[in-house]
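Chain residues, written in single-letter form:
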Amino acid sequence: PDILCLGKALTGGYMPLGATLTNDKLAHGISDTGGVFMHGPTFMANPLACSVSLASVNLLMQSPWQARVRNVERSLIEHLSPLARLGSTVKEVRVLGAIGVCEMHEGLDRDGMAMVQ
């Protein structure tokens, strides 16, 4: 993607910290020198939040996270795939890693959501 916004997961949800990543072409379009993309300095580079983020990422990298994602993916496929049989309502069911999508032919209003649940 051209832009990737990251949030709570950076710190494992323990502290607010966000980041916006861009490719080089977009970064240079935003700043002629390819400098910092000032997306909102509220939590930008807070030293404590950055430290928490580093610890969180280190914990993640030391864990069997890839196996966990594969397990979540298998579970999503198992439990979401039957929805594809609702062809008149469900356009497509797809899963990639820990993300599952059930795309509908038409949007649902509040009443429609209550019926689906």
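Residues numbered from 1 in each chain as written. Predicted model: local features only at pLDDT ≥ 70, side-chain atom pairs only at ≥ 80, totals over all residues. Heavy atoms only, no water.

Colleague: Would you explain the overall build of the protein chain in this entry?
Modeller: Counting secondary structure elements, the protein chain contains four helices and four strands. Helices and strands appear in the protein chain in the N-to-C order β-β-α-α-α-β-β-α. Relative to its 117 residues, the protein chain shows a buried fraction of 11%. Accessible surface, the protein chain: about 9100 Å² in total, of which carbon and sulfur atoms supply 60%. (Helix = DSSP H or I, 4+ residues; strand = E, 2+ residues; numbered from the N terminus. Buried < 20%, exposed > 50% of the residue type's maximum accessible area, 1.4 Å probe, protein only. Areas by Shrake-Rupley, 256 points an atom, 1.4 Å probe, with all protein chains shown as cover.)

Colleague: How should I be thinking about a nonpolar patch on the surface in this particular structure?
Modeller: Taken together, V57, L60, M61 and W65 make up a surface patch of nonpolar side chains, about 350 Å² in accessible area. Per element, the largest residue contribution to the nonpolar patch is three residues, and it comes from helix α2 (residues 47-62). Assignment of secondary structure puts L60 in helix α2. (Patch = residues over 30% accessible without salt bridge, like charges linked within 9 Å, V, L, I, M, F, W, Y side chains within 5 Å. Salt bridge = Lys/Arg side-chain N within 4 Å of Asp/Glu carboxyl O.)

Colleague: Please clarify how the pattern of salt bridges should be interpreted in this entry.
Modeller: For side chains of opposite charge, pairing can occur when their charged atoms come near one another. Following the criterion strictly, the structure yields three salt bridges and no others. The shortest N-O distance in the salt bridge between R94 and E92 comes to 3.0 Å. You can call E92 partly exposed: its relative accessible area is 38%. Among the residues examined, R94 registers a relative accessible area of 35% and is labelled partly exposed. What you see here is one network of salt bridges that share partners, running through K91, E92, R94 and E103.

Colleague: Looking at this model, I keep getting lost on the confidence of the model for the protein chain. Mind explaining?
Modeller: Reading fine detail from the predicted coordinates is not recommended where pLDDT is low. This prediction gives the protein chain a mean pLDDT of 84; 83% of its residues lie at or above 70. Across the protein chain, element-level confidence peaks in helix α3 (residues 65-80) with a mean pLDDT of 97 and bottoms out in helix α4 (residues 110-116) with 60. (pLDDT = per-residue confidence, 0-100.)

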